[in-house]
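As a plain string of letters, each chain reads:
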Amino acid sequence: MSAPRGQWNSKIGFIMAAAGSAIGLGNIWRFPYVTGENGGGAFVLFYVIFVVLIGLPYMYAELALGRATQQNPVGAIEKIRPKSFWRMAGFLGVITGVGILSFYAVIAGWTVAYIYKMFVGQVGGFGAFVADPWSEISLFALFVALTSLIVQKGVSEGIERWSKILMPLFFILLLALVIYAMTLDGAGKGLEFYLKPDFSKITGRTLLAALGQAFFSLSLGMGTMITYGSYLSKNDNLVTSGVSVALFDTLIALFAGLIIFPALFTMGKDPSAGPTLVFVVLPELFAQMPGGLVVGALFFVLLTVAALTSTISLLEVPVSYLIDDHKMDRKTIVWIVAGITFLLGLPSALSQGASEFFSNFGLIPASFTSADFLSQMSFIFGDIALAVGAISLSIFVGWVWGIDKAADEVEKGAPLFAKTRGLWKFIIRFVIPLVILLVLLNTVHIF
Ligand code: PHE
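Residues numbered from 1 in each chain as written. Predicted model: local features only at pLDDT ≥ 70, side-chain atom pairs only at ≥ 80, totals over all residues. Heavy atoms only, no water.

**A word on the overall build of the chain**
Line of reasoning, step 1. What the chain contains, in helices and strands, is 18 helices and zero strands.
Line of reasoning, step 2. Relative to the compact-globule value of 22 Å for 447 residues, the chain shows a C-alpha radius of gyration of 21 Å, a close match.
Line of reasoning, step 3. Along the first, second and third principal axes, the C-alpha atoms of the chain reach 55 × 50 × 40 Å.
Line of reasoning, step 4. Of all intrachain contacts in the chain linking residues separated by at least 6 positions in sequence, the fraction that spans at least 24 positions is 80%.
Line of reasoning, step 5. If you sum the accessible surface of the chain, you get close to 16,200 Å²; carbon and sulfur atoms cover 70% of it. (Helix = DSSP H or I, 4+ residues; strand = E, 2+ residues; numbered from the N terminus. Rg over C-alpha atoms; globule rule 2.2 N^0.38 Å. Contact = heavy atoms within 4.5 Å. Areas by Shrake-Rupley, 256 points an atom, 1.4 Å probe, with all protein chains shown as cover.)

Set out below in structure tokens:
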């Protein structure tokens with residue numbers, strides 16, 4: 001390993017950092033609203049199937065590629081096939097990182113504001129809040145700056161320390177909220193919508209949304225796990241680490257649904273409200289809970305931290321690429337990428353009512369996602385780009401790098417993997433590319 005590259009201080013440090021990347025707004029904010037838009041139970045079922053069948057095996061491919069090459073996504077491909085067009089798959093990841101960060105940090109800004117709003121008991125007025133351009137832009141800028149400050153410090157010091165303490169606390173708080181939500185009047189109706197699959201609601205977009213959500217939530221398809229895997233040592237067990245990350249991530253998303261849908265049906269709200277859903281439903285839930293505003297404030301503090309450990313990983317991908325490739329200094333790179341992200345994110349920040357133009361952007365047809373610029377970015381980068389990234393990288397690993405070299409890498413530190421090796425090879429080479437291709441073709445067909 002070359003001297004300037006960071007490395008995780010401990011195995012648990014890596015799991016916490018990878019789980020920190022995976023667990024975030026994707027679980028609490030995106031999963032419930034996408035579930036709501038896609039009709040509930042059947043979507044949830046496909047999401048879970050995609051996590052197990054595609055997400056987890058694919059995660060090993062990214063981690064193995066990162067650990068074997070000790071490189072960022074572009075560098076990893078360069079090392080195996082120098083100067084080939086495959087490096088575009090790495091570039092796509094770098095660009096996707098910036099693209100996702102640009103809208104993600106806008107939502108993260110809302111969570112920061114809600115810490116304060118819970119303290120002062122300001123429950124309603126969400127619509128007016130997000131339509132105010134100045135508070136939107138300042139909160140967004142604040143979050144990008146916060147992320148940059150941490151990433152600037154480097155991998156183990158900056159990233160590991162944050163994730164270790166607060167993620168377990170978040171898990172416990174969510175569990176308590178799930179139990180509370182079960183006592184609400186609308187719990188029965190909510191659970192029915194959320195967990196009872198109604199297959200007549202499955203459309204082409206449901207499958208793409210479920211696949212996209214599986215990748216988004218596990219931070220896959222853009223090389224995050226290549227980058228994080230590159231900081232791993234040869235003795236680390238990729239297989240068990242991956243299982244823990246996927247398990248926690250999926251549980252937390254499922255918990256979020258168990259809280260939101262009972263609450264939503266109790267309040268008589270519309271499940272398909274879009275990106276604002278969670279921010280309208282949860283504060284009201286906290287307001288009617290005994291002592292709820294304190295719980296609410298704590299909830300938003302922890303959600304902010306969860307979002308931060310995800311934005312850190314989003315920024316780390318382009319930053320690690322520029323450090324490895326251009327030998328530039330980490331500090332300078334961080335602030336350049338932050339500046340670009342800020343400019344790219346302005347339309348998203350203004351898309352919730354502040355600017356009429358960006359609020360009704362509508363480039364992607366309404367049958368796929370809401371018309372506001374933020375939802376459109378979430379669809380383009382969060383669903384399409386990740387799916388395209390994942391198909392390219394799994395073909396690269398399965399057919400170009402060589403599936404046996406990849407499987408050997410996974411097996412280092414995980415001897416029991418030998419038992420499922422054949423199945424894994426088959427999934428990476430055939431199942432993943434085919435399933436993603438079919439889902440994407442189906443989408444093109446609907447277009
Ligand atoms: N997985 C993160 C979340 O659920 C978002 C993310 C996507 C982070 C892709 C990194 C890469 O919030």
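**Quick word on the nonpolar core**
Line of reasoning, step 1. Counting 162 residues, the largest nonpolar core has Phe299 and Trp424 as its most contacted members.
Line of reasoning, step 2. Broken down by element, this core gets its largest block of residues, 19 residues, from helix H17 (residues 373-411).
Line of reasoning, step 3. Excluding its chain neighbours within four sequence positions, the residues that come into contact with Trp424 are Pro57, Tyr60, Ala61, Ile403, Ala406, Ala407, Val410 and Phe417. (Core = buried A, V, L, I, M, F, W, Y, C linked by side-chain atoms within 4.5 Å. Buried < 20%, exposed > 50% of the residue type's maximum accessible area, 1.4 Å probe, protein only.)

**What about a nonpolar patch on the surface?**
Line of reasoning, step 1. On the surface, a nonpolar cluster with roughly 710 Å² of combined accessible area is contributed by Trp399, Phe426, Phe430, Leu434, Leu437, Leu438 and Leu441.
Line of reasoning, step 2. When residues in the nonpolar patch are grouped by element, the largest group, six residues, is from helix H18 (residues 421-446).
Line of reasoning, step 3. Among the secondary structure elements, Leu434 is positioned in helix H18.
Line of reasoning, step 4. Of the residues examined, Leu434 reaches a relative accessible area of 48% and is grouped as partly exposed. (Patch = residues over 30% accessible without salt bridge, like charges linked within 9 Å, V, L, I, M, F, W, Y side chains within 5 Å. Salt bridge = Lys/Arg side-chain N within 4 Å of Asp/Glu carboxyl O.)

**So, the site of the ligand**
Line of reasoning, step 1. In the vicinity of the ligand lie 15 residues, with Ala22, Gly26, Tyr104, Phe216 and Ser219 positioned nearest.
Line of reasoning, step 2. Take Asn27: an N or O atom from its side chain is 3.4 Å from an oxygen atom of the ligand.
Line of reasoning, step 3. Within the complex, 100% of the 330 Å² of free accessible area of the ligand lies under protein.
Line of reasoning, step 4. Residues that form the shell around the ligand fall into these classes: six nonpolar, nine polar and no charged. (Near = heavy atom within 4 Å. Polar contact = N/O pair within 3.5 Å; in protein donor to acceptor, adjacent residues only side chain to side chain. Nonpolar A, V, L, I, M, F, W, Y, C, P; charged D, E, K, R; others polar.)

**A few points about the packing of aromatic side chains**
Line of reasoning, step 1. Taken as a whole and assessed by the stated rule, the structure comprises 37 aromatic pairs.
Line of reasoning, step 2. Centre to centre, the rings of Phe193 and Phe265 are 5.6 Å apart; their planes meet at 45°, and the pair counts as tilted. Taken together, the residues span a long stretch of sequence, with Phe193 in helix H9 (residues 187-195) and Phe265 in helix H12 (residues 238-267) at a distance of 72 residues.
Line of reasoning, step 3. Phe193 gets classed as buried once you look at its relative accessible area, which sits at 14%.
Line of reasoning, step 4. Here the aromatic rings of Phe426 and Phe430 are separated by 5.5 Å at their centres, their planes lie at 40°, and the arrangement is tilted. A residue pair is termed a helical-turn pair when its members lie 3 or 4 positions apart in one helix, as Phe426 and Phe430 do in helix H18 at four residues.
Line of reasoning, step 5. On the accessibility criterion, Phe426 (46% relative accessible area) is partly exposed. (Phe/Tyr/Trp six-rings, centres within 6.5 Å; stacked < 30°, edge-to-face > 60°.)

**Here's the deal with the pattern of salt bridges**
Side-chain pairing between opposite charges can occur once the charged atoms of the two side chains come close.
Line of reasoning, step 1. Scanning the entire structure with this criterion turns up 12 salt bridges.
Line of reasoning, step 2. Among the ionic pairs, Lys201 bridges to Asp198, the shortest N-O distance being 3.9 Å.
Line of reasoning, step 3. In this structure Lys201 comes out as partly exposed when scored by relative accessible area, which is 37%.
Line of reasoning, step 4. Lys425 is paired through a salt bridge with Asp404; the nearest N and O atoms lie 2.9 Å apart. Residue Lys425 is located in helix H18, and its partner Asp404 is located in helix H17; the two are separated by 21 residues in the primary sequence.
Line of reasoning, step 5. According to the relative accessible area criterion, Asp404 is partly exposed, its value standing at 38%.
Line of reasoning, step 6. Taken together, the shared-partner salt bridges connect Asp404, Asp408, Glu411, Arg421 and Lys425 into one network.

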